[in-house]
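Next come the chains, spelled out residue by residue.
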Amino acid sequence: TGRLAAPRPGYAPAAWAERCLPGSSAGARRAALRLRGRTYPAPPAVAPRSLLVAADLRGAHRACLSRGGEQRAGFAAGDSWICKSVLSEGHQRTVRKVAWSPCGNYLASASFDATTCIWKKNQDDFECVTTLEGHENEVKSVAWAPSGNLLATCSRDKSVWVWEVDEEDEYECVSVLNSHTQDVKHVVWHPNQELLASASYDDTVKLYREEEDDWVCCATLEGHESTVWSLAFDPSGQRLASCSDDRTVRIWRQYPPGNEQGVACSGSDPSWKCICTLSGFHSRTIYDVAWCQLTGALATACGDDAIRVFEEDPSSDPQQPTFSLTAHLPQAHSQDVNCVAWNPKERGLLASCSDDGEVAFWKYQRPEGL
Amino acid sequence: MAGSQDMFDAIVMADERFHGEGYQEGYEEGSTLGIIEGRQHGTLHGAKIGSEIGCYQGFAFAWRCLLHNCAAEKDSKKMKVLESLIGLIEKFPYDDPTYDKLHEDLDRIRGKFKQLCSLLNVQPDFKISVERSGLSF
């Protein structure tokens with residue numbers, strides 16, 4: 001396993017944009033979008049808890065959603081973010097996750113009402129084109145494959161479903177995977193292979209691939225001591241980051257059969273080994289981890305209300321990398337930070353959302369000399 | 001003289017001897033009862049699994065007949081999954097409770113059944129018996 005990395009002496013933590021003071025009146029909870037000192041109150045119908053932000057591939061659109069069961073799609077217009085639409089007719093219960101399709105025209109929303117809605121974007125409007133049913137209870141996560149024609153959902157019913165969509169927007173279930181023994185919290189696709197990863201309350205991460213018309217579990221990553229909440233692949237897809245209730249982030253690396261490091265593989269499936277554990281940095285559960293596809297920086301969302309950013313030391317051994325904490329923003333929110341997401345087009349732009357009902361945007365600058 | 005030593009031996013060791021004999025008798029009786037209880041438990045559990053798979057098999061056969069005459073392209077995918085489910089059920093080793101992949105295969109069968117229901121647009125909510133509602137095994 002990798003060594004613990006402490007912030008290097010002489011590095012100033014990254015500069016952060018000044019965060020504006022809370023503008024809402026005491027006691028009132030309003031969902032607000034804010035950037036650089038400006039707070040935008042949400043339209044009526046308050047959203048008490050912001051659970052997730054997702055950026056589409058062009059970086060322009062952001063969707064966030066709330067416990068109230070609504071979804072809000074916000075669009076960038078210059079320096080400010082405006083809520084363009086509220087989708088309140090799709091679900092009967094909490095909307096837990098949203099995901100933009102790779103082409104940017106579709107939005108998938110996973111809900112505690114056991115369904116997943118697919119919305120098609122029509123200028124500023126969204127229309128629900130399909131509702132995917134089948135899970136027995138709360139759907140926890142949804143993710144589009146980079147190819148755009150596969151979708152994965154996971155649920156508290158311990159299963160992961162893989163769906164295929166054709167040119168006529170028809171969705172078909174391709175596989176139901178019952179590998180986990182507990183609630184599945186998160187699914188994510190590999191950036192360039194048809195490989196699916198899932199994280200669960202059973203403390204493991206599982207990987208799946210297609211084999212003869214069906215999907216099978218090809219690897220189980222054990223090591224976390226508690227629920228694994230979220231996953232993120234690095235830009236190359238060779239490494240996977242997982243964050244957990246055990247307050248650590250683990251970095252796993254893929255070793256294909258016949259690798260030069262001599263890591264044993266069974267059959268033709270690659271082996272995954274934990275090459276680094278980041279522990280001692282977070283004081284509470286880590287709910288989300290995001291790996292920037294542009295810069296390789298790793299951001300975490302923590303139950304201690306803070307956001308942290310880690311960067312890999314350029315001189316470290318690829319088989320045993322060390323990551324340094326390059327930014328730590330305590331009290332980024334006034335409650336648990338649930339989700340962080342990097343903008344795929346603008347370097348250093350990070351969005352976060354929290355139980356305090358707010359979505360915040362941050363500008364991260366790498367420390368000098370990195 | 002040797003005879004009287006044996007006799008004292010028998011008296012002195014009597015306590016331990018009775019203890020040992022009692023333990024043996026108890027152990028044998030416990031084993032017998034354990035086997036009976038185990039068999040009952042196994043029968044129940046096995047019946048549950050059998051009942052569940054039997055249900056899936058009946059469902060699959062019925063749908064195979066229904067879809068038999070359909071030549072639509074869409075239905076070919078359904079037939080494929082259907083045949084796959086039937087194949088999994090037929091391959092399952094019903095007479096080997098020590099099969100090491102028992103639960104893995106069972107989960108595969110359940111997953112295949114759920115996928116089939118999704119493709120056929122059928123809700124798996126059968127009433128097995130009067131007392132139980134829904135599909136619970």
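Residues numbered from 1 in each chain as written. Chains lettered and ligands numbered in written order. Predicted model: local features only at pLDDT ≥ 70, side-chain atom pairs only at ≥ 80, totals over all residues. Heavy atoms only, no water.

**Brief notes about the overall build of chain A**
Now for step 1: Across its full length, chain A holds zero helices and 29 strands.
Now for step 2: A total of 370 residues make up chain A; the buried ones form 59% of that total.
Now for step 3: Here the contacts in chain A between residues at least 6 apart in sequence split such that 49% fall between residues at least 24 apart.
Now for step 4: As displayed, chain A has an accessible area near 15200 Å², and 45% of this comes from carbon and sulfur atoms. (Helix = DSSP H or I, 4+ residues; strand = E, 2+ residues; numbered from the N terminus. Buried < 20%, exposed > 50% of the residue type's maximum accessible area, 1.4 Å probe, protein only. Contact = heavy atoms within 4.5 Å. Areas by Shrake-Rupley, 256 points an atom, 1.4 Å probe, with all protein chains shown as cover.)

**Describing the sheet that holds strand β14 (residues 171–177) of chain A**
Residues and elements named next belong to chain A.
Now for step 1: If you walk across this open sheet you meet the four strands as β11-β12-β13-β14, and the pairing is antiparallel. Both edges of this open sheet fall to β11 (139–144) and β14, since each of them pairs with a single strand only. Recorded for the sheet is a direction-independent mean angle of 20° between the axes of neighbouring strands.
Now for step 2: Bridge count between strand β12 (residues 150–155) and strand β13 (residues 160–165): five bridges; the pairing is antiparallel. (Pairing = 2+ DSSP bridges. Axes fitted to C-alpha atoms, helices over the stretch in contact; angles between N-to-C directions.)

**Here we look at unusual backbone geometry**
Now for step 1: Phi is positive for Ala114 of chain A, close to 75°, though the residue is something other than glycine.
Now for step 2: With respect to the helices and strands, the residue Ala114 of chain A is situated in the loop between β8 (106–111) and β9 (116–122).

**Topic: the packing of aromatic side chains**
Residues and elements named next belong to chain B.
Now for step 1: For the coordinates displayed, the defined rule picks out 14 aromatic pairs over all chains.
Now for step 2: With 6.4 Å between their ring centres and 50° between their planes, Phe59 and Trp63 make a pair best called tilted. With Phe59 and Trp63 both in helix α2 (residues 14–67) and four residues apart, this pair spans about one turn of that helix.
Now for step 3: Residue classification places Phe59 among the buried residues on the basis of a relative accessible area of 10%.
Now for step 4: Looking at Trp63, the relative accessible area reads 22%, which means it is partly exposed.
Now for step 5: Among the aromatic side chains, those forming a connected cluster through ring pairs are Tyr56, Phe59, Trp63 and Phe113.
Now for step 6: The ring of Phe18 is capped by Arg17, whose NZ or CZ atom sits 5.3 Å from the centre of that ring. (Phe/Tyr/Trp six-rings, centres within 6.5 Å; stacked < 30°, edge-to-face > 60°. Lys NZ or Arg CZ within 6 Å of the ring centre and 35° of its normal.)

**Notes on the nonpolar core**
Now for step 1: Core analysis: the biggest nonpolar cluster contains 22 residues, and Ile53, Phe59, Leu85, Ile109 and Leu116 of chain B have the highest contact counts within it.
Now for step 2: Those elements giving two or more residues to this core turn out to be α2, α3 (73–91) and α4 (102–120) of chain B.
Now for step 3: Looking at this core element by element, the count peaks at eight residues for α4 of chain B.
Now for step 4: Ignoring any residue separated from it by four or fewer positions in sequence, one finds Leu116 of chain B in contact with Phe59, Lys78, Val81, Leu82 and Leu85 of chain B.
Now for step 5: With 18 residues, the next largest nonpolar core counts Ala232, Val289, Phe323 and Leu325 of chain A among its residues. (Core = buried A, V, L, I, M, F, W, Y, C linked by side-chain atoms within 4.5 Å.)

**Thoughts on the environment of Leu87 of chain A**
Residue and element names in this part refer to chain A.
Now for step 1: The residue Leu87 is located in strand β6 (residues 80–87) in this model.
Now for step 2: Leu87 gets classed as buried once you look at its relative accessible area, which sits at 7%.
Now for step 3: Along the chain, Leu87 and Asp125 lie 38 residues apart, while their C-alpha atoms are 8.9 Å from each other.

**Some details on the UniProt feature "repeat: WD" (unreviewed entry) in chain A**
Residues and elements named next belong to chain A.
Now for step 1: UniProt annotation of "repeat: WD" (unreviewed entry) refers to residues 88–120, 132–173, 177–208, 221–252 and 330–370 when read in the numbering used here.
Now for step 2: Annotation note: span residues 177–208, helix share 0%, strand share 53%, distance between end C-alpha atoms 9 Å.
Now for step 3: Secondary structure across residues 221–252 divides into 0% helix and 53% strand, with the first and last C-alpha atoms of the span separated by 8 Å. (UniProt positions renumbered as here; feature names shortened; annotations may be inferred.)

**Here we look at the UniProt feature "domain: Essential protein Yae1 N-terminal" (unreviewed entry) in chain B**
Now for step 1: This chain's UniProt record puts "domain: Essential protein Yae1 N-terminal" (unreviewed entry) on residues 22–60 of chain B.
Now for step 2: Helix makes up 100% of residues 22–60 of chain B and strand 0%, and the two end C-alpha atoms of the span are 56 Å apart.

**Here's the deal with the interface of chain B and chain A**
Now for step 1: Chain B puts 13 residues into the contact, and the matching count from chain A is 13 residues.
Now for step 2: Of the roughly 1100 Å² buried at the junction of chain B and chain A (both faces included), carbon and sulfur atoms supply 41%.
Now for step 3: For the pair chain B and chain A, the number of links is five salt bridges.
Now for step 4: In the side of chain B that touches chain A, the residues fall into one nonpolar, four polar and eight charged. (Buried area = accessible area lost by both parts, 1.4 Å probe. Salt bridge = Lys/Arg side-chain N within 4 Å of Asp/Glu carboxyl O. Nonpolar A, V, L, I, M, F, W, Y, C, P; charged D, E, K, R; others polar.)

**Section: the packing of α2 of chain B against α3 of chain B**
Residues and elements named next belong to chain B.
Now for step 1: In the contact formed by α2 and α3, the axes pass within 10 Å of each other and the chain directions differ by 145°. Considering the relative orientation of α2 and α3, their crossing is left-handed. Counted together, Ile53, Tyr56, Gln57, Ala60, Phe61, Trp63, Arg64 and Leu67 of α2 and Asp75, Lys78, Met79, Leu82, Glu83, Leu85, Ile86, Ile89 and Glu90 of α3 form the full contact between these two elements.
Now for step 2: Among the residues making up the contact of α2 with α3, the classes are represented as 11 nonpolar, one polar and five charged. (Left-handed = near helix turned anticlockwise from the far one by under 90°.)

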